[in-house]
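Each chain, letter by letter, is given below.
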Amino acid sequence: MGESGPDAAATDAPPGARVLLAPDKFKGTLSAAEVAGHVRAGLRSVLPSLPVESLPVADGGDGTVAAALAAGFRAREARVTGPLGEPVTATWALREGVAVLEMAEASGLGLLPPGHFAPLTATTRGTGELIGAALDSGARTLVLGVGGSASTDAGTGMLSALGARFTDAGGRLLPPGGGALARLAAVDLGGLDPRLAPAEIVLASDVDNPLTGPRGAALVYGPQKGANPEEAALLDAALGHCADVLGRALGPGAARLAEAPGAGAAGGLGYGALAGLGAVFRPGIDVLLEVLGFGAALARCSLVVTGEGSLDAQTLHGKAPAGVAAAARAAGRETVAVCGRLALGPEQLAGAGIARAYALAEVEPDLDRCLAAPGPLLEQLGARIARDFLTGTRASA
């Protein structure tokens, strides 16, 4: 039997109860803030006086800036070069000297015309211009979320925008894109913006791939950017050549960074940030929880609700719900999750610190209806969570 008349059963919140909503987006349907809003409505349909705090999260990919804005950062905009060389407007977030930037806002796949890819020529130049805009604002800490890149250029476009020079054997500047890196002969980082040196640059990502090889940027992610097998192999070789040239220019440490976790993120932009900007790689969800003030919010709550569109094996490897649950467990707080699709068993959930997961399919088995109207279904799940974890009267299925 489904949920019926939740307001009729509404009651006061139990003493000391306070819920922290920290979901990621349901990709393609709801933003993280919208997910939190619907779950909040469901909780309060059962417990109208329940204190509920919302802190939408992200793991460094798309939604990172939105999470920062929801947490009180100020929205800023910059006109930058898009992945195909056209101007685009990128939104970023700023608060007290901390800038949260999303590479996809400047150099993402979502900026390409439908069905149009440019695996060999797309550039990350706009990401460098976005970093420059953050420096112009006086930001001292830059959190760069990466994911959904249209380019595989090892971040050379980004570095070029910040003053680096990448030239061929004739001393000519290389054209944009990863394909041209096969002709790279020399690198000059002497012209990099001097404001980069004292800045703290954090590469926030859930991708820990190396730059090249079977798990590298080109062979794993190139096909998503339109690269056929021959183009992916060409890009993989070009990325390796770029690392060799940078190693000769900066020392063997720069070459070794090609194997570092995160070097393969965003078409190798991770490598460019690590080797060229001295960035530090950290799991995106860990960075975002710290920047958003999750610890303080966690201390105020008695129950955490997290979630994302699909709870599956990938969730356990650096995705937002796993990071939220791990932090909550370390603080002695119980965590439950909401999702569209659930592909984890009870033991896997428990191992991740999630007491129970609630899927939209529990109240609507029809997938098309779940995708068309997830909000009301999430409200029903919120009501079930209230009954199961805050009143002790389990809702009927």
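Considering the overall build of the protein chain
From N to C terminus, the protein chain includes 15 helices and 13 strands. For the protein chain, the C-alpha radius of gyration of 22 Å lies close to 21 Å, the compact-globule estimate for 397 residues. Expressed as a percentage of the 397 residues in the protein chain, the buried residues total 53%. In the protein chain, the proportion of contacts linking residues at least 24 apart, taken out of those at least 6 apart, comes to 70%. Of the accessible surface of the protein chain, which amounts to about 15700 Å², a share of 54% is contributed by carbon and sulfur atoms.

Some thoughts on the sheet that holds strand β10 (residues 280-283)
Hydrogen bonds between backbone groups are what pair the strands of a sheet, and the pairing can be parallel or antiparallel. Strand order in the open sheet formed by six strands is β3-β4-β5-β6-β9-β10, with mixed pairing between adjacent strands. Both outer strands of the open sheet, β3 (74-81) and β10, are each paired with one neighbouring strand and no more. Looking at each pair of strands side by side, their axes are set apart by 30° on average, direction ignored. In this structure, strand β4 (residues 87-95) lies alongside strand β5 (residues 98-102), joined through three bridges in antiparallel fashion. Within β5, the position partnered with Leu94 by the bridge is Ala99. The strands touched by helix α10 (residues 284-292) within the sheet are β4, β5, β6 (141-145), β9 (200-205) and β10, with β10 carrying the most contacts at an inclination of about 90°.

A short note on the pairing of β4
Looking at chain direction, β3 and β4 are connected through eight bridges and run antiparallel. Within the sheet, the bridge partner assigned to Arg76 lies in β4 and is Trp92. The loop that links β4 with its antiparallel partner β5 comprises two residues; one of these, Glu96, has a positive phi angle of about 50°.

Looking at helix α7 (residues 229-250)
For α7, with 22 residues, the first-to-last C-alpha span of 31 Å sits near the 32 Å given by 1.5 Å per residue. Among the residues of α7, Ala232, Leu235, Asp236, Ala238, Leu239, Cys242, Ala243, Val245, Leu246 and Gly247 are the ones counted as buried. In the core, the buried residues of α7 are packed alongside α5 (156-161), β8 (186-188), α6 (217-221), α8 (252-256) and α9 (269-277). Residue Asn228 occupies the N-cap position of α7, its side-chain oxygen lying 3.1 Å from the main-chain nitrogen of Glu230. One or two steps after α7, the chain reaches Gly251, where phi turns positive at roughly 110°.

Details of the side chain of Glu308
You can see Glu308 is positioned in strand β11 (residues 303-311). One buried charge, Glu308, has no salt-bridge partner; the nearest side chain with opposite charge is Lys319, at 5.7 Å. With near-sequence residues (within four places) excluded, Glu308 lies in contact with Asp24, Lys25, Phe26, Thr315, Lys319, Pro321, Val338, Cys339 and Gly340.

A short note on the side chain of Asp236
The topology assignment puts Asp236 in helix α7. Residue contacts for Asp236: discarding those within four places in its chain leaves Thr212, Gly213, Ala218 and Leu219.

Describing the pattern of salt bridges
Scanning all chains against the criterion turns up 17 salt bridges. The closest approach of N and O atoms between Lys25 and Asp24, which form a salt bridge, is 3.7 Å. With respect to burial, Lys25 and Asp24 carry one shared label: buried. We note a salt bridge from Arg172 to Asp168, for which the minimum N-O separation is 3.1 Å. According to the relative accessible area criterion, Arg172 is exposed, its value standing at 55%. One connected set of salt bridges, linked through shared partners, spans Arg356, Glu362, Arg384 and Asp388.

Focus on the layout of surface pockets
For the largest pocket, the calculated volume is near 1300 Å³. Lining the largest pocket are 48 residues; nearest its centre among them are Lys27, Asp59, Asp206, Gln314 and Lys319. The space that makes up the second largest pocket amounts to roughly 260 Å³. Residue lining of the second largest pocket: 15 residues in total, with Arg125, Ser160, Leu174, Pro175 and Pro176 positioned closest to the centre. Mapped by element, the contributors of at least two residues to the lining of the second largest pocket are α5 and β7 (165-167). By residue number, the principal contributor to the lining of the second largest pocket is α5, which donates three residues. Its residues assigned to classes, the lining of the second largest pocket comprises seven nonpolar, six polar and two charged.

Things to note about the packing of helix α1 (residues 32-46) against helix α15 (residues 374-391)
Packed helices, taken two at a time, are described by the angle their axes make and the gap between the axes. One can describe the packing of α1 onto α15 by two numbers: an axis separation of 7 Å at closest approach and a directional angle of 50°. Our classification of the angle between α1 and α15 gives oblique. Handedness of the α1/α15 crossing: right-handed. Contacts from Val35, His38, Val39, Ala41, Gly42, Leu43, Ser45 and Val46 of α1 reach α15 at Gly375, Leu378, Glu379, Gly382, Ala383, Ile385, Ala386, Arg387, Leu390 and Thr391. Classifying every residue of the contact of α1 with α15 by side-chain character gives 10 nonpolar, six polar and two charged.

Concerning the nonpolar core
Within the largest apolar cluster, 62 residues are counted, with the highest numbers of intra-cluster contacts made by Ile131 and Leu142. Per-element tally for this core: the top contributor is α7, with eight residues. In contact with Leu142, not counting residues within four places along its chain, are Ala99, Leu101, Ile131, Ala134, Leu135, Ala199, Glu200, Ile201 and Val202.

Quick word on the environment of Thr91
The residue Thr91 is located in strand β4 in this model. Taking relative accessible area as the criterion, Thr91 reaches 22% and is therefore assigned partly exposed. In this structure, the C-alpha to C-alpha distance between Thr91 and Leu130, residues 39 residues apart in sequence, is 9.0 Å. Setting aside chain neighbours within four positions, we find Thr91 in contact with Val65, Arg76, Glu77 and Glu105.

Rules behind the numbers
- Throughout, residues of each chain are indexed from 1 in the direction in which the sequence is written.
- Under the rules for a predicted model, residues below a pLDDT of 70 receive no local features and side-chain atom pairs below 80 are neither given nor counted, while totals for whole chains, interfaces and linings still include all residues.
- Only heavy atoms go into the side-chain values, all of them from the structure, while hydrogens and water stay out.
- Numbering of helices and strands starts at the N terminus; helices are DSSP runs of H or I of at least 4 residues and strands are runs of E of at least 2.
- The globule rule used for comparison is 2.2 Å times the number of residues to the exponent 0.38, while the radius of gyration itself is calculated over C-alpha atoms.
- Only protein chains enter the accessibility calculation, which uses a 1.4 Å probe; a residue is then buried when its area is under 20% of its type maximum, exposed when over 50%, and partly exposed in between.
- Any pair of residues with heavy atoms lying within 4.5 Å of one another is described as a contacting pair.
- Residue burial considers only the protein chains on display, and all accessible areas are found by Shrake-Rupley using a 1.4 Å probe.
- Here, any two strands with at least 2 DSSP bridges between them count as paired.
- All axes are obtained by fitting lines to C-alpha atoms, using only the stretch in contact for helices, and the reported angles, taken between N-to-C directions, cover 0 to 180 degrees.
- Here the expected length of a helix is defined as 1.5 Å per residue gap, with one fewer gap than residues.
- Identification of polar contacts relies on pairs of N or O atoms within 3.5 Å, with a donor-acceptor requirement for protein atoms, meaning one able to donate a hydrogen and the other able to accept it, and with residues adjacent in sequence counted only if both atoms are side-chain atoms.
- Charged-residue counts in this description rest on Lys and Arg as positive and Asp and Glu as negative, His and the chain ends being excluded.
- Each salt bridge in this description consists of a side-chain nitrogen of Lys or Arg and a carboxyl oxygen of Asp or Glu lying within 4 Å of one another.
- Detection works on a 1 Å grid of protein atoms alone, calling trapped sets that fit a 1.4 Å probe cavities and calling open sets with protein on both sides within 12 Å along at least five of seven lines pockets, with lining residues defined by an atom within 4 Å of a point.
- Grid points are joined across faces, edges and corners, and a volume is the space filled by probe spheres set on the points.
- Residue polarity follows a fixed list, in which Ala, Val, Leu, Ile, Met, Phe, Trp, Tyr, Cys and Pro are nonpolar, Asp, Glu, Lys and Arg are charged, and the others, Gly among them, are polar.
- Every angle not falling under 35 degrees, over 145, or within 65 to 115 is termed oblique; those three ranges are roughly parallel, roughly antiparallel and roughly perpendicular.
- Here a crossing is taken to be left-handed if its near helix is turned anticlockwise relative to the far helix by less than a right angle, and right-handed if that turn runs clockwise.
- Take the buried Ala, Val, Leu, Ile, Met, Phe, Trp, Tyr and Cys residues and link them wherever side-chain atoms come within 4.5 Å; each set so joined is a nonpolar core.

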